[in-house]
Amino acid sequence: MSKSASKLGFQATWSMAVGGMIGGGIFSTLGVVIHIAGAWAWLSFLTAGLIALATGYSYVRLAEHYGEGGGAFTYLRKINAHHFAGSLSWILIVGYVLTNSVYAFTFGQYLAYVVDMGPIFARASALAIMAFFIALNLRGVAEAGWVEVFLVWFKLIVLLGLAAWGIAKWQPEMLSRGIEDKGLAAALFGAASVFMAYEGFQLLAYDYDDIKDPSSTLPKAVLSAITIVIVVYVLVAIGTAMLIGADQVVKHEEVALAIAGKEALGTTGLVIVTIAAAFSTGSAINSTLFATARLALTVAKAGELPKALTHRDSAGIPDRAVLILGIAGALLAAIGTLEMLVEAASLAFLLTFSVVCALAFHQKTGLRLFTGFGALSAAAAAVALIVRLVREDPLPLVVLGIFILFAVFGRPLLLRHKKD
């Protein structure tokens, strides 16, 4: 087989983008966004999706402009913003670690619910799934392309079937049943809080060289994938709430879709949705851990992470990066709450994506109307999320804020000490 034939075509690239977003996104965040935005949860997903679409546009235009992938870290270094690139890369890596902790947490919750076990079993399952994929990554076992395509279509069929079941009942009053009327403005806070549900497309930035004809394939795959995911999320937000009521989604926010599946098809529906959630979160953990370890290796080679993270084993796997990132994600999954992990991850990505869009705007890559919208809207959403956290739950903001300060001011001192 030729080198060109082994590269990712449109279908595989599109599947990776869709899988990266849906891989745990909606299973993890639906209860969180309905808790925040109430009946306007669907508008939260639409708003966050439009920001993601503008960001995806900025990413693919920057990749085309520079003729290579690599994401925010690489593109900022192209304009000699080395210190800023290093600080932002640390924030982005933290966002990925938090995202993996959300996926592991969600996996544990769905598994515990279907086997009727308690919170200790759920946390233990989260640790176990992270340990499994750490081991898998250390062995260099990659997910086959056809497996990713199959899983994506399986997830789409399950989610759209669930949404259709609920929408067919058409009971708009269920969108706000038993919860406080949040008002239209709550949609912005909801969008900001669950932005991590859309971050998965960004992983393709690290696979640029593995994509066939990337200048053509990447824009089509990324933008169409984000559009499809927006539609799916909006429909699921409406359909699930109509199926079981907003109050039940909030009450069971960790496993809301499993409750909806049980309502639709009894035990069969519960099992199908749980299988979809398990495959989604597992696949997302695997791809995110692999991509983040590769990013950490790149950043460490550039001298912006400790040199120890450049270590590879005999098979070329960045083993230390895989271990450190995987263990960090497992610990957060074991001690964190769903809402805290989701909101902290969303803030990390909003900060990163606003910078990427601003860079695309500055470099005049693509239509500045879109890149400018992405920069301003992502920044506005980040501010909205900060305001919400200050008012209601400052702990994630404090923790992330301390890390950001360290990334900006402590990181250079640490790296200088390591060099000495």
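Attention in this report is confined to the structure presented alongside it. Not measured: the values here are computed from a predicted model. (Residues numbered from 1 in each chain as written. Predicted model: local features only at pLDDT ≥ 70, side-chain atom pairs only at ≥ 80, totals over all residues. Heavy atoms only, no water.)

1. Comments concerning the pattern of salt bridges
This model, assessed by the stated rule, comprises six salt bridges. Residues R61 and E64 are paired through a salt bridge, measuring 2.8 Å at the closest nitrogen-oxygen approach. Of this pair, R61 and E64 are both found in helix α3 (residues 41–66), three residues apart, which corresponds to roughly one turn of the helix. When its relative accessible area of 22% is taken as the criterion, R61 is described as partly exposed. For E64, a relative accessible area of 41% corresponds to the partly exposed category. The partner of E68 in a salt bridge is K78, with the nearest N and O atoms 2.5 Å apart. A residue pair is termed long-range when its members are at least 10 positions apart, and E68 in the loop between α3 and α4 (71–78) and K78 in helix α4 qualify at 10 residues. (Salt bridge = Lys/Arg side-chain N within 4 Å of Asp/Glu carboxyl O. Helix = DSSP H or I, 4+ residues; strand = E, 2+ residues; numbered from the N terminus. Buried < 20%, exposed > 50% of the residue type's maximum accessible area, 1.4 Å probe, protein only.)

2. Description of helix α12 (residues 319–335)
With 17 residues, α12 ought to run about 24 Å at 1.5 Å a step, and its terminal C-alpha atoms sit 25 Å apart, in line with that. Listed as buried for α12 are D319, A321, V322, L325, G326, G329, A330 and A333. With its buried residues spanning 155° around the axis, α12 presents them on a single face. Facing away from the buried side of α12 by more than 90 degrees, the exposed set consists of I324, L331 and I335. On its buried side, α12 packs onto α5 (82–114), α6 (119–138) and α11 (256–301). (Expected span 1.5 Å × (residues − 1). Arc of directions from axis to C-beta. Contact = heavy atoms within 4.5 Å.)

3. Quick word on the packing of aromatic side chains
In total, this model carries 17 aromatic pairs according to the counting rule given. Judged by centre distance (5.4 Å) and plane angle (90°), the rings of Y57 and F370 are edge-to-face. With Y57 in helix α3 and F370 in helix α14 (residues 368–392), this residue pair connects regions lying 313 residues apart in the sequence. Owing to a relative accessible area of 38%, F370 belongs among the partly exposed residues under this scheme. Judged by centre distance (5.5 Å) and plane angle (75°), the rings of F195 and F353 are edge-to-face. On the criterion of sequence distance, the pair formed by F195 in the loop between α8 (186–193) and α9 (214–244) and F353 in helix α13 (residues 338–363) is long-range, its members being 158 residues apart. Classification of F353 by relative accessible area gives buried; the value is 0%. A cation sits over an aromatic face here: R368 above F361, 4.0 Å from the ring centre. (Phe/Tyr/Trp six-rings, centres within 6.5 Å; stacked < 30°, edge-to-face > 60°. Lys NZ or Arg CZ within 6 Å of the ring centre and 35° of its normal.)

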